[in-house]
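# Results of the structural survey
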Amino acid sequence: MNTERAQWALQRLSQLALWVCVLIVAYLAFLPSADPIGASWDKANHLFAFAVMAWLADLGWPAKRQAPLRWGLLLGYGLLIESVQHILPLRHFSLLDWVADGVGILIYLGLKASWKHLWCLLAQKR
């Protein structure tokens, strides 16, 4: 398989995986929850889910000019989840959950930058 075709396949697979994640996160976010506030790993779940979705969005739509749109749409999705939870029984709007979504995206961006920096250092040693 040539490089261009492999890149195209990776982008399409990443796009599909992102949409699957979006649906799974929505399903989990809208399930009734009887857990008291703060009694779970809720913030860690937000961090992980949005870091993974940021990674998939970056792979699926890699153009640098699209980056602000990617991160804005993901943050908007997080806000939509919180807004819907506000009207659901046994759920509530949490600004901290939305902040955790944004921090998850920042964690991904930090890991990406670190990986690129490490890769450049290794390439210089060759």
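We now turn to the structure provided with this report. (Residues numbered from 1 in each chain as written. Predicted model: local features only at pLDDT ≥ 70, side-chain atom pairs only at ≥ 80, totals over all residues. Heavy atoms only, no water.)

### Brief notes about the environment of Phe 30
Note the threshold: A helix here means a DSSP run of H or I that spans at least four residues, while a strand means a run of E at least two residues long, and both kinds are numbered starting from the N terminus. By definition in these notes, contact holds between two residues if any of their heavy atoms fall within 4.5 Å.
On the secondary structure map, Phe 30 appears in helix 1 (residues 3-30). Discounting residues that sit within four places of it in the chain, Phe 30 has contacts with Ile 81, Val 84, Gln 85, Leu 88 and Arg 91.

### Describing the side chain of Asp 101
For clarity, the threshold we go by: Only protein chains enter the accessibility calculation, which uses a 1.4 Å probe. A residue is then buried if its area is under 20% of the maximum for its type, exposed if over 50%, and partly exposed in between. His is not counted, nor are the chain ends; Lys and Arg add positive charge and Asp and Glu add negative charge. Salt bridges are defined by distance alone: a side-chain nitrogen of Lys or Arg within 4 Å of a carboxyl oxygen of Asp or Glu.
Along the chain, Asp 101 falls in helix 4 (residues 95-125). We note that Asp 101 is buried and unpaired, the nearest opposite charge coming from Lys 43 at a distance of 8.9 Å.

### Observations regarding the packing of aromatic side chains
Counted only if it meets this: Think of it this way: a Phe, Tyr or Trp ring, Trp meaning its six-membered ring, pairs with another when their centres are within 6.5 Å, and the plane angle makes it stacked under 30 degrees, edge-to-face over 60, tilted otherwise. Charge over a ring is defined by NZ of Lys or CZ of Arg lying within 6 Å of the ring centre and within 35 degrees of the ring normal.
Applying the stated criterion across every chain, the model contains three aromatic pairs. Residues Phe 50 and Tyr 77 carry aromatic rings whose centres are separated by 6.2 Å and whose planes lie at 35 degrees to one another, so their mutual orientation is tilted. Separated by 27 residues along the polypeptide, Phe 50 in helix 2 (residues 42-60) and Tyr 77 in helix 3 (residues 67-87) bring together distant segments of the chain. Note on Phe 50: relative accessible area 2%, which makes it buried. For the ring pair Trp 71 and Tyr 108, a centre distance of 6.2 Å and an interplane angle of 55 degrees mean the geometry is tilted. Note that Trp 71 is positioned in helix 3 and Tyr 108 in helix 4, a separation of 37 residues in sequence. Both residues of the pair, Trp 71 and Tyr 108, belong to the buried class. The ring of Trp 71 carries Arg 70 above its face, with NZ or CZ at 5.1 Å from the centroid.

### A few points about the packing of helix 1 against helix 3
Note the cut-off: Every axis in this analysis is a line fitted to C-alpha atoms, fitted for helices over the stretch in contact. Angles between the N-to-C directions lie between 0 and 180 degrees. Any angle that falls under 35 degrees is termed roughly parallel, while one over 145 is termed roughly antiparallel, one within 65 to 115 roughly perpendicular, and all others oblique. Each crossing gets its hand from how the near helix is turned against the far one by less than a right angle, where anticlockwise is left-handed and clockwise is right-handed. In the scheme used here, Gly and all other residues not listed as nonpolar or charged are polar, with Ala, Val, Leu, Ile, Met, Phe, Trp, Tyr, Cys and Pro taken as nonpolar and Asp, Glu, Lys and Arg as charged.
Running from N to C, helix 1 and helix 3 point in directions that differ by 25 degrees, and their axes come no closer than 10 Å. Between helix 1 and helix 3, the interaxial angle falls into the category roughly parallel. Considering how the two elements wind past one another, helix 1 and helix 3 form a crossing that is right-handed. Facing Val 22, Val 25, Ala 26, Ala 29 and Phe 30 of helix 1, the residues of helix 3 in contact are Tyr 77, Ile 81, Val 84 and Gln 85. Partitioning the contact of helix 1 with helix 3 into residue classes produces eight nonpolar, one polar and no charged.

Nothing here speaks to function; it is all geometry.
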